Amino acid sequence: MIRTKSLRFTRSILAATTAAIGCMSVLSAHAAPEVGIASAVNTDARSVLGAGTPRVVTLGQTIIYNERITTNQTGLVQILLVDGTTFMIGPDCELTIDEFVFNPDTGEAKVVATVAKGAFRFIGGQTSRTEGGATVRTPVGSIGIRGATVEANISPRDATISMIFGDSLVFEAVGGDRQTIFESGFTIQVSDGGAQTSVRQTTGGDAPLGLTGEIGKNGGLQESPPTEEFITEQTGLPGSNSGSPPVNVPVPTGRPAVQSASIDQVSNSITDVDDVGQQNVQDDIAQQTPPDEDPPVVPIPVPARVLFSPETYNTDFGDVVPNPAPRGLVGSTPETDLIVDFTKSADLLTANLASGGQISVLDLTGAEGDAGLESFDVSGASPLGAISGTGYAGRGDFAFYFLGVNGDPIEPYYILTGTSTDPAVLNPQSEDVRAYSLTPDPIANLDVPFFRNNRYGALENTSQTDYLIVERDSITSRAFLTWVDISGTGSDQKSAILVTAGGTSTNETDPFQRLWSNRRGSYRGGANQPQFNMRGSPVSSLEGADGGHFFGPNAENAVVGVGLEPQVDTFIDVSTDFCFFFDCETVDPATDDRRYGTRHVMDLQSETPKSSLSITSRVHSGFMVGMAEPETEGFTNPFLVAATGNAPNFLMTINAPSAEMAAVGEVQDINNTNPVVSAFIIPFGTIGEDFGASAFVDDNTFGANQNNNRENSRVIQDNQADLAADVFNPGSYIVSGRAAPLDGYQHCTQCDFADWGWWGTRLTSSESGDADNDRRADAVHMGTWVAGDITNPADLPSGPSNASYSGTAIANVATEGGAQYIASGDFSLDIGLSTRSGSLSINNLDGANYSADVTDASTATQALFASDSLVGSNGLNGTVSGAFVNDGANIAAGAIGQFEAAGSGNQVVGTFMGNR
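Nothing here was measured: the structure is a model prediction, and the numbers come from that model.

Reading the values: the criteria
- Residues numbered from 1 in each chain as written.
- Predicted model: local features only at pLDDT ≥ 70, side-chain atom pairs only at ≥ 80, totals over all residues.
- Heavy atoms only, no water.
- Helix = DSSP H or I, 4+ residues; strand = E, 2+ residues; numbered from the N terminus.
- Buried < 20%, exposed > 50% of the residue type's maximum accessible area, 1.4 Å probe, protein only.
- Contact = heavy atoms within 4.5 Å.
- Areas by Shrake-Rupley, 256 points an atom, 1.4 Å probe, with all protein chains shown as cover.
- Disulfide = S-S within 2.5 Å.
- Pairing = 2+ DSSP bridges.
- Salt bridge = Lys/Arg side-chain N within 4 Å of Asp/Glu carboxyl O.
- Axes fitted to C-alpha atoms, helices over the stretch in contact; angles between N-to-C directions.
- Patch = residues over 30% accessible without salt bridge, like charges linked within 9 Å, V, L, I, M, F, W, Y side chains within 5 Å.
- Phe/Tyr/Trp six-rings, centres within 6.5 Å; stacked < 30°, edge-to-face > 60°.
- Core = buried A, V, L, I, M, F, W, Y, C linked by side-chain atoms within 4.5 Å.

## Comments concerning the overall build of the chain
Along its length, the chain carries 3 helices and 57 strands. Taking all 916 residues of the chain together, the buried fraction comes to 56%. Taking contacts inside the chain between residues at least 6 apart in sequence as the whole, the part at least 24 apart equals 62%. Here the chain displays about 34,300 Å² of accessible surface, and carbon together with sulfur accounts for 47% of that area.

## Here we look at the state of the cysteines
By the definition in use, this model includes 1 disulfide. Between the sulfur of Cys748 and that of Cys751 lies a disulfide, 1.8 Å long from S to S. Handedness here is read from the sign of the S-S torsion; for Cys748 and Cys751, about 55 degrees, the answer is right-handed. Relative accessible area serves as the criterion here: at 5%, Cys748 is assigned to the buried category.

## Quick notes on the pairing of strand β19 (residues 337-345)
Strand direction decides the pairing type here: strand β16 (residues 301-308) and β19, joined by 7 bridges, are antiparallel. Residue pairing in the sheet places Val302 in a bridge with Phe342 of β19. Where β19 meets strand β20 (residues 348-352), 3 bridges bridge the pair, whose relative direction is antiparallel. Residue pairing across strands places Lys344 opposite Leu349, the latter belonging to β20.

## A look at the pattern of salt bridges
Within this structure, the stated rule accounts for 22 salt bridges. With its nearest N and O atoms 2.8 Å apart, the salt bridge here joins Asp363 to Lys344. Taken as a pair, Asp363 in the loop between β21 (358-362) and β22 (374-382) and Lys344 in strand β19 lie far apart in primary sequence, 19 residues in all. The salt bridge partner of Lys610 is Glu431, with a shortest N-O separation of 3.2 Å. Residue Lys610 is found in the loop between β37 (599-609) and β38 (618-631), and its partner Glu431 is found in the loop between β25 (412-417) and β26 (432-438); the two are separated by 179 residues along the sequence.

## Overview of the sheet that holds β20
Whenever strands of a sheet pair, they do so through backbone hydrogen bonds, lying parallel or antiparallel. Here 8 strands make up a closed barrel; going around it, the order is β16-β19-β20-β21-β22-β23-β24-β25 and the pairing antiparallel. Neighbouring strand axes in the sheet, compared pairwise and without regard to direction, differ in orientation by 30 degrees on average.

## Structural notes on a nonpolar patch on the surface
A cluster of nonpolar side chains, contributed by Val619, Leu651 and Val664, occupies part of the molecular surface with about 220 Å² of accessible area. Within the secondary structure, Val664 sits in strand β41 (residues 660-668). Given a relative accessible area of 33%, Val664 falls into the partly exposed group.

## Remarks on the side chain of Thr701
Its place among the elements puts Thr701 in strand β44 (residues 701-705). Contact partners of Thr701, with chain neighbours within four places excluded, come to Leu468, Phe480, Phe696 and Ala739.

## What to know about the environment of Thr390
Here Thr390 shows up in strand β23 (residues 385-393). Among residues more than four places away in sequence, those in contact with Thr390 are Ser375, Phe376, Phe400, Tyr401, Phe402 and Leu403.

## Topic: unusual backbone geometry
Here Ala555, not a glycine, exhibits a phi torsion of approximately 55 degrees, which is positive. Following the sequence through the fold, Ala555 ends up in the loop between β33 (539-541) and β34 (557-561). A positive phi is found at Ser904, a non-glycine position, where the angle reads about 55 degrees. Mapping Ser904 onto the fold places it in the loop between β56 (890-903) and β57 (906-915). The class of Ser904 is exposed, set by a relative accessible area of 63%.

## Quick word on the side chain of Asp206
With respect to the helices, strands and loops of the structure, Asp206 is situated in the loop between β15 (196-201) and α2 (228-235). Asp206 sits in the buried class, given a relative accessible area of 8%. Apart from residues no more than four positions distant in its own chain, Asp206 is found in contact with Asn153, Thr160, Ser162, Thr187, Arg200 and Gln201.

## Considerations on the packing of aromatic side chains
Scanning all chains against the criterion turns up 25 aromatic pairs. Ring geometry for Phe451 against Tyr523: centres 5.3 Å apart, planes inclined by 80 degrees, an arrangement best described as edge-to-face. A residue pair is termed long-range when its members are at least 10 positions apart, and Phe451 in the loop between β26 and β27 (462-464) and Tyr523 in strand β31 (residues 514-524) qualify at 72 residues. Using a relative accessible area of 1% as the deciding quantity, one classes Tyr523 as buried. Pairing Tyr805 with Phe884 gives two aromatic rings, centres 5.9 Å apart and planes at 45 degrees, and the pair type is tilted. Of this pair, Tyr805 sits in strand β50 (residues 802-814) while Phe884 sits in strand β55 (residues 877-887), placing them 79 residues apart in sequence. Within the aromatic cluster, the residues linked to one another by ring pairs are Phe451, Tyr456, Trp483, Tyr523 and Phe532.

## Here's the deal with the nonpolar core
Counting 40 residues, the largest nonpolar core has Phe480, Ile486, Ile497, Trp758, Met782 and Met913 as the members making the most contacts within it. Contacts of Met782, omitting those with residues within four sequence positions, involve Val484, Ile486, Ser495, Ala496, Ile497, Ser522, Tyr733, Trp758, Trp759, Asn812 and Ile822. Membership of the second largest hydrophobic core comes to 37 residues, among which are Ala45, Ile69, Leu81 and Ile188.

These figures come from the coordinates and say nothing about function on their own.
Put into structure tokens, the structure is as follows:
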């Protein structure tokens, strides 16, 4: 949909504008509380400040902040504020200017007024051009005005509120109803003390009576109409100015230190002042006749960032990528990343570029999006040719244009503009979780972000979180998003997972400005396809023309995706046939499309206090397993990795106050399949340190990427720690399986007392520490982990006590034919708690059943069970290790563990979880 808008005014209003500016331009400075003048008065009107003595309002009298102005049955007053806002109050009316701020240097403007009763007309100046800048309180509710002329009749229990011209009008009734008008000619009808509200078309009877000066009235004087001599004497205005337009209107500087602005702070862009003495304005409104001419165009600067693609893109590893446009790589050079001043003209934004040519697009910076993010079909012009696509509009004049040259989205031309959010909003004293939805990237055209499916295909069974930001008092916030897709079963399966976790970068002056989070994950486009590890540039927010990253009064919108830093900002998907970092393959960067970028508009959906969420700090132990794939010459077979012996190999720490998590696992090639590698030590995230990226949202929603300290991720060779190889830039991730659950691939939905999830990695290492020699890489795609509060054997009953557990098993399977996929089944355990011996079974797992007799394997502090004789109906044999876990005071409420089996070239490794 293409939306256009046009604002029209009558000649009388334009004439009044010139006259009013002429008077204001020569006013002398007054005390700080003065916010405006009485620019027209008819008969009796009085004002009083606090408990002071009432005074008669006269022409040219200054209006004081918090001064209450009242009129009698025939009174009328027009008040002109220094930003150009005009209030006209009619007979038997009461008005108070409660709050007024105007800073012409920054454009900041705000007015809050109370109309206790009577009729009034409001014509917006600079205040109403600011989101939330103009509010009128009444006994039945509050009126929010955006770039509009409004008329209203107010009583203690009823009201009619009409929008005559302008962008929008929002009424919030004391009864809770909310009504919004976006077009002139409509009226909000309020009754029953604000309990009932409705919107209807405006009629002639809605026009407030008494808002037009009557013949014979003398502006509050008892004698004849005011002469030039009287005006000069009373106001200090030269008589010759009263009938002539201004020549030079001074533009003030500085911001007042109080809520009001001084009278000499007058903007030279005031255009919307009403002329009370012109009867044809009232006639136009009452008869609903359209105005007969447009106002003169007053250029309004709109700073914006413009992005399009360069001819080549130089990557961080020396690759030169020609024609990066189809990959969504934009703005990587000074020529393709521009800060441009657009001007508003009618319904267009237009900019003339210093390098030549013009950009012109539909203006979406007005009322569009004020009620929530809206999308529009947009077309326009650029020096590269015609541009068209989708534009998004949000609050605070936010607009982002996903356009393509000649309508082609793979030739991107993007424009970002908007009013940046006050940083104080994003660093609050109270802690909330903000949930943002993301629009699709126009090139990838997927429902999931930060991904391209050219090697994966359709995502058919996907679960995804919102982009979640956890606010933390006085420190940088944490960000988190994950999505999972598992489509098909067995040899027809494909699977993918993405985890982005991190935070916000700050500086001393702008807290919570730049959003960033590491991008990690992995996918396999088919059971017989190689796996890809997701890595590359962090996900980050796009900086606007004024340096801000969030837009709208409450950070409602932002643009997030690949960054703009030259040479380093691309997403990259690294496969098992792609060496990465090393000159050991023949991939041509000109044709390889594994480097790319995506971008998405963030839209605030909700804010949830952390106090209402289940958030628990904890330290849990358990088991971590997976199927590893080597990337080294002479060995290509997958090999399963798990805990060796019977002891748990995984430790996870959750710090709820800081919204962080950290974990570490040590997995070994327990079947000695790999001739070189015997084990991996893999850390994830950190708590209170500089390395790693993590986020904890609530007890079910958390994740982390690798710990970037190279000394922490290790590849152990020949079972000797002193032969550990250095790891270069690990591509590790871990995530709670409950964050984005998938039917058929969930662990024990009755086991909330224990944790489980997915993990993966790509470890590039060198025994010598020289990246150019004896390098290798090993990758794991969607392994599983389980963890809990492992029971102390001393807490178990000493006498006979049998228990039964039931739940689920999730496993990685590798077949002799080269297929790899994920399977799930059923878990059960019948065991004596005092002896830790019994029978365990895993059934319906990839068409096979497994069983084992388990015995006690406990340590002094951990109640464990194990078996070296796991037997499968498919001829595979292996081992099982497990532990009892507590649910608070409920001892041994659950059982968790790992299992593995192999034979005839087939392998299976997985985890189980069940409750008693």
